[in-house]
Amino acid sequence: MIRSDETFDGTWPYRARYTEAAGFRQHYVDEGPPEARETLVLLHGEPTWGYLWRHLIDPLARSHRVVVPDHMGFGKSATPPDSDYLALNHVDNLETLLIDVLDLNRITLVLHDWGGPIGTGFALRHPDRVDRIVAINTVLPLGMPGYQDLMNANHADSAWFRWAGAAQADGTLDEILGNAGSSVTHLMLALQTIARPEVVTPTWIRAYAGHFTDRAACRGVLRFPQQLVTPGAKPPLPQPDPAAAAALLAKPAVLLEGMRDTALLPRYIIPAFREAFPNAPVIELPNAGHFPQEDAPDALLAALELFLRTTDSLVTRG
């Protein structure tokens, strides 16, 4: 895990907070006014950590409470040796943090990559605590009839999933992701796509590689793709409860999509989102890849703030 006081040359200035309520040392950021009416929960995916959100935290925290957890095995969170690192483990950890530790209500979930399934799993358990859903280059497994077909098509077409499937089959996935400290930059640039390679500085590389100091620290980053590309793998989350899914499908939602993504391809991800939320906006970011937070942070922030403002009256309650 990355040291608690590491700021990466001042690019990550946020106070480190920790809880061990879920049985491991989990790091999170908690910024903005604690008495704010709403809380934005920003969830990262593979192979990133809270650092992904560094350009958005301060602007959003001017008017909202902003909570940014690091999943188990990523960033400043620990990598315990006795976990399976399954999606459901991460949902359990998130539930412990947001409910047992922070007791949050009025949550807007802002989800990226694996943050989408993990956040969806949490929201299905607590739809009454979730006001809005913001999906950013991710999927929301809410049990829609065409969802799995779209995912299967994406996995067959995607540069990331074709590589991961072949690497799992020939035994090299463990070697490459087990050395994520050396391979993470290439994976993000070439297989998921960062459209602005100039953002990749020595500080940037240190920040994203910093957790993965040895093979034991790479359990989390390896386990995410294995859950999808291992032959015979089942969907990482169970079928949702219909009543809980219906409650979430009635909430304001938006998809902010980097259109140059080569991991989760827009031609499958946009239809998957529209199956669930046919009347919700889809905002295309043409010059962003899989990580709009890196490629187009200003455009992403403007779109997110617009969504928050325009849906404010829909979620305001007495």
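Data block above holds the structure.
Predicted model, so just to flag it, every value in this text is computed and none were measured.

### A short note on the overall build of the protein chain
When you go through the protein chain residue by residue, the secondary structure sums to 14 helices and eight strands. C-alpha atoms of the protein chain, sized along the principal axes, occupy 55 × 45 × 40 Å. Expressed as a percentage of contacts within the protein chain between residues at least 6 apart in sequence, the contacts between residues at least 24 apart total 78%. When the accessible surface of the protein chain is split by element, carbon and sulfur atoms take 52% of a total near 12,400 Å². Taken together, the 26 basic and 37 acidic charged side chains of the protein chain have centroids lying 3 Å from each other.

### A word on the packing of aromatic side chains
Using the criterion set out here, one finds 13 aromatic pairs in the structure. With a centroid separation of 6.0 Å and an interplanar angle of 55 degrees, the aromatic rings of phenylalanine 8 and tryptophan 49 are classed as tilted. A residue pair is termed long-range when its members are at least 10 positions apart, and phenylalanine 8 in the segment before strand 1 (17–19) and tryptophan 49 in the loop between strand 3 (39–43) and helix 1 (54–61) qualify at 41 residues. Overall, the relative accessible area of 1% leaves tryptophan 49 in the buried class. Following the ring pairs from residue to residue traces out a cluster consisting of Phe8, Trp12, Tyr14, Trp49, Tyr51, Trp204 and Tyr208. One Lys or Arg, arginine 25, reaches over the ring of tyrosine 18 and ends 3.6 Å from the middle of that ring.

### Some words on the side chain of threonine 185
Considering the arrangement of structural elements, one finds threonine 185 in helix 7 (residues 180–193). Taking the relative accessible area as the measure of exposure, threonine 185 reaches 14% and is therefore buried. For threonine 185, the residues in contact, after removing those within four places along its chain, are Val200, Trp204 and Ile205.

### Notes on the pattern of salt bridges
Per the stated rule, a full pass over the model turns up 17 salt bridges. Between glutamate 38 and arginine 132 there is a salt bridge; the shortest N-O distance is 2.5 Å. Pair noted here: glutamate 38 is in the loop between strand 2 (26–31) and strand 3 and arginine 132 is in strand 6 (residues 130–138), with a separation of 94 residues, a long-range link. Neither residue differs from the other here; glutamate 38 and arginine 132 are each classed as buried. Notably, a salt bridge pairs arginine 129 with aspartate 103, separated by 3.0 Å at the nearest N-O pair. With arginine 129 in the loop between helix 3 (115–125) and strand 6 and aspartate 103 in the loop between helix 2 (87–101) and strand 5 (107–113), this residue pair connects regions lying 26 residues apart in the sequence.

### Remarks on the packing of helix 1 against helix 13 (residues 297–310)
One way to put it is that helix 1 packs onto helix 13 with a least axis distance of 10 Å and a crossing angle of 35 degrees. Where helix 1 crosses over helix 13, the two elements pack in a sense that is right-handed. From helix 1, His55, Leu56, Pro59 and Leu60 reach across to helix 13, where they touch Pro297, Leu300, Leu301, Leu304, Glu305 and Leu308. Counted by class, the contact of helix 1 with helix 13 contains eight nonpolar, one polar and one charged residues.

### Side note on the environment of glycine 119
Relative to the assigned elements, glycine 119 resides in helix 3. Residue classification places glycine 119 among the buried positions, given a relative accessible area of 0%. When the C-alpha atoms of glycine 119 and isoleucine 133 are compared, they prove to be 9.1 Å apart, with 14 residues separating the residues in sequence. With residues up to four places along the chain from it excluded, the contact list for glycine 119 reads Leu43, Leu94, Leu109 and Leu111.

### Concerning the pairing of strand 5
Summarising burial for strand 5: seven of the seven residues are buried, a large majority. As paired strands, strand 3 and strand 5 are joined by five bridges and run parallel to one another. By the bridge assignment for strand 5, leucine 40 is matched with threonine 108. With helix 3 bridging strand 5 and its parallel neighbour strand 6, the resulting β-α-β unit is right-handed.

Cut-offs and rules
Residues numbered from 1 in each chain as written. Predicted model: local features only at pLDDT ≥ 70, side-chain atom pairs only at ≥ 80, totals over all residues. Heavy atoms only, no water. Helix = DSSP H or I, 4+ residues; strand = E, 2+ residues; numbered from the N terminus. Contact = heavy atoms within 4.5 Å. Areas by Shrake-Rupley, 256 points an atom, 1.4 Å probe, with all protein chains shown as cover. Lys, Arg positive; Asp, Glu negative; His and termini not counted. Charge placed at Lys NZ, Arg CZ, Asp CG, Glu CD. Phe/Tyr/Trp six-rings, centres within 6.5 Å; stacked < 30°, edge-to-face > 60°. Buried < 20%, exposed > 50% of the residue type's maximum accessible area, 1.4 Å probe, protein only. Lys NZ or Arg CZ within 6 Å of the ring centre and 35° of its normal. Salt bridge = Lys/Arg side-chain N within 4 Å of Asp/Glu carboxyl O. Axes fitted to C-alpha atoms, helices over the stretch in contact; angles between N-to-C directions. Left-handed = near helix turned anticlockwise from the far one by under 90°. Nonpolar A, V, L, I, M, F, W, Y, C, P; charged D, E, K, R; others polar. Pairing = 2+ DSSP bridges. Right-handed = clockwise from strand over helix to strand, strands pointing away.

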